[in-house]
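Notes for the structure review
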Amino acid sequence: MKEIHSVAVVTNPMSGHGRGLEVGAAAVARFTTHGVRVREMCGDSAADTTRLVRAALTDPGHRPDAVVSAGGDGLTCVVLQALAGTGIPLGLVPGGTGNDLARQLDIPDDTDAAVDVVLAGKTRDVDLGTVETATAGDSGPFWFATVTGTGLDARVTLRANGLRWPNGPARYTVAALIELCNGLAVPYRIELSGSPDHPDGTAVIDTDAIMVAVGNTKTYGGGMLICPDAVLDDGLLDLTVVGAMSRLQMLRMLPALSSGKRIDHPAVSQYRAAGITLTAPGAPATADGEPAGMLPATFRARPGAQAILVP
């Protein structure tokens, strides 16, 4: 158990279309009521938020007992760029659109109840994943907690982030329809290492794919079951490959994926590995919904990399 006397609460004005700020304010009020010292942070950008968290963690004499992400998976991803590897636990107060990490860890959606989870001080060590791309330069590995999408998946996320209309989940539907009008399958090379499903732990797969998702958790995008067998503390990443299919077949699959159903289609295959390298022409990657560069990219499971405050 971890005694919680001080916290850094991080918010994002864009989380949950404004809900993040409301949740953050309510969380701060409840922490204060319980006598916890609170340091509030709200950066102007992802890079600024990461900088603020890093500064709080290196502030002599004022290092928080926990960093609390009051928002969604995207904000948590930004926080992790500074928090991972520091030994400071992460608290989650759901205030985003998807909240997939919180859901997988049974963190309550109610703000007061989520704050109470942090105050109780019970931690669980979970795996994280890292992405390393040539386009990242010298910034080092990019940490993620849920799923990194590549190909069509990532293009839809990036397209949705750039749309001003419509609001809410419909934005992703519009983005998907736009992207489906473009090319679909591209040639992928998938290299696996540390895979329990292959005799020597390695495999190389060349295939045409519409998208390839690398999952540390089962779901992303608010409950879409993209890596149904992923386990948060097994030291492995799960890989779901959506192979070549027609636009009509893809359109028929999307509603099932969006509703959280397991995808059962002959063009879909799944793998597990500790390390994965993906190569595909012109394929972007988005980790926890955040831009993570372009393929080729190497993904690694980081066992027990982060302590999270859980019920």
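Going by the structure above, here's the rest.
What comes next concerns the included structure. The residue count restarts for each chain, going from 1 along the sequence in the order it is written. It should be noted that, the model being predicted, local features are given only for residues of pLDDT at least 70 and side-chain atom pairs only at 80 or more, the latter also being counted only at that level, while totals for whole chains, interfaces and linings use all residues. The side-chain values count all of the structure's non-hydrogen atoms but skip hydrogen atoms and water molecules.

A word on the overall build of the protein
The numbering of helices and of strands both runs from the N terminus, where a helix is a DSSP run of H or I of at least 4 residues and a strand a run of E of at least 2. Along the backbone of the protein there are eight helices and 17 strands. As defined in this context, the radius of gyration uses C-alpha atoms, and a globule is described by 2.2 Å times the residue total to the power 0.38. In terms of overall dimensions, the protein is globule-like: its C-alpha atoms have a radius of gyration of 19 Å, near the 19 Å expected for 311 residues. If one aligns the C-alpha atoms of the protein with their principal axes, the spans along those axes are about 55 × 45 × 35 Å. Relative accessibility decides the category of a residue: with a 1.4 Å probe and only protein chains considered, values under 20% of the type maximum give buried, values over 50% give exposed, and everything between is partly exposed. Residues counted as buried form 52% of the 311 residues belonging to the protein. Across the protein, the fraction of contacts at a sequence separation of at least 24, relative to all contacts at a separation of at least 6, is 70%. Accessible area of the protein: about 13300 Å², with a carbon and sulfur share of 53%. Note on charges: Lys and Arg go in the positive column, Asp and Glu in the negative column, and His and the chain ends are not counted at all. Think of each charge as sitting on NZ of Lys, CZ of Arg, CG of Asp or CD of Glu. With 24 positive and 32 negative side-chain charges, the protein shows a separation of 3 Å between the mean positions of the two kinds. Here, residues are in contact when the closest pair of their heavy atoms is within 4.5 Å. Every accessible area reported is derived by Shrake-Rupley at a probe size of 1.4 Å, with residue values counting cover from the shown protein chains alone.

Notes on empty space enclosed by the protein
For each structure, a 1 Å grid was placed over the protein atoms alone; sets of points admitting a 1.4 Å probe that cannot get out are labelled cavities, open sets with protein on both sides within 12 Å along at least five of seven lines are labelled pockets, and lining residues have an atom within 4 Å of a point. Grid points are joined across faces, edges and corners, and a volume is the space filled by probe spheres set on the points. For the structure on display, the rule yields two cavities of 30 Å³ or more. Quantified by volume, the largest cavity comes out at close to 60 Å³. Around the largest cavity, the lining residues are S69, G71, G72, D73, T76, L92, V93, P94, N99, L101 and A102. A total of three residues in the lining of the largest cavity trace back to one element, the largest contributor, which is strand β4 (residues 90–94). Note on residue categories: nonpolar means Ala, Val, Leu, Ile, Met, Phe, Trp, Tyr, Cys or Pro, charged means Asp, Glu, Lys or Arg, and polar means any other residue, Gly included. Broken down by class, the residue content of the lining of the largest cavity amounts to five nonpolar, five polar and one charged. The space that makes up the second largest cavity amounts to roughly 30 Å³. Lining the second largest cavity are G151, L152, R155, L184, V186, Y188, A209, I210, P281, G282 and A283. Going through the elements one at a time, α6 (152–162), β8 (186–193) and β9 (203–215) are the ones with two or more residues in the lining of the second largest cavity.

Side note on the packing of helix α1 (residues 19–33) against helix α5 (residues 111–120)
Fitted lines through C-alpha atoms serve as axes, helices being fitted only where they are in contact, and the angles separating the N-to-C directions of these axes extend from 0 to 180 degrees. Between α1 and α5, whose axes approach to 9 Å, the crossing angle comes to 50 degrees. Comparing the axis directions of α1 and α5 gives the class oblique. By crossing handedness, the relation of α1 to α5 is classed as right-handed. Where α1 approaches α5, its residues V23, A26, A27, R30 and F31 are matched on the opposing element by T111, D112, V115, D116, V118 and L119. Considering only residue class, the contact of α1 with α5 consists of seven nonpolar, one polar and three charged. Oblique is the label for any angle not covered by the other classes, which are roughly parallel (under 35 degrees), roughly antiparallel (over 145) and roughly perpendicular (65 to 115). What makes a crossing left-handed is the near helix being turned counterclockwise from the far one by less than a right angle; a clockwise turn instead makes it right-handed.

Examining the pattern of salt bridges
A side-chain nitrogen of Lys or Arg and a carboxyl oxygen of Asp or Glu constitute a salt bridge if their distance falls within 4 Å. One pass over the full model with this rule turns up 13 salt bridges. Between R51 and D48 there is a salt bridge, and its shortest N-O distance comes to 2.6 Å. Within this pair, R51 and its partner D48 are both found in helix α2 (residues 46–57), separated by three residues, close to a single helical turn. For D229, the salt bridge is made with R262, and the minimal N-O distance between the two is 2.9 Å. Placement of D229 in the loop between β11 (224–225) and β12 (237–243) and of R262 in the loop between α8 (247–258) and β13 (268–273) is noted, with a sequence separation of 33 residues between them.

Examining α2
Here the expected length of a helix is defined as 1.5 Å per residue gap, with one fewer gap than residues. Between its first and last C-alpha atoms α2 spans 17 Å; for 12 residues at 1.5 Å apiece the expected length is 16 Å, and the two agree. Buried within α2 we find D48, T49, T50, V53, A56 and L57. Elements that come into contact with the buried residues of α2 comprise β1 (6–11), β2 (37–41), β3 (66–71) and α3 (73–83).

Focus: α3
Since the α-helix advances by 3.6 residues per turn, residues separated by three or four positions end up pointing in the same direction. Buried residues dominate α3, accounting for 10 of its 11 residues. Within α3, the full set of buried residues consists of D73, L75, T76, C77, V78, V79, L80, Q81, A82 and L83. Two residues or fewer after α3 comes G85, characterised by a positive phi angle close to 85 degrees.

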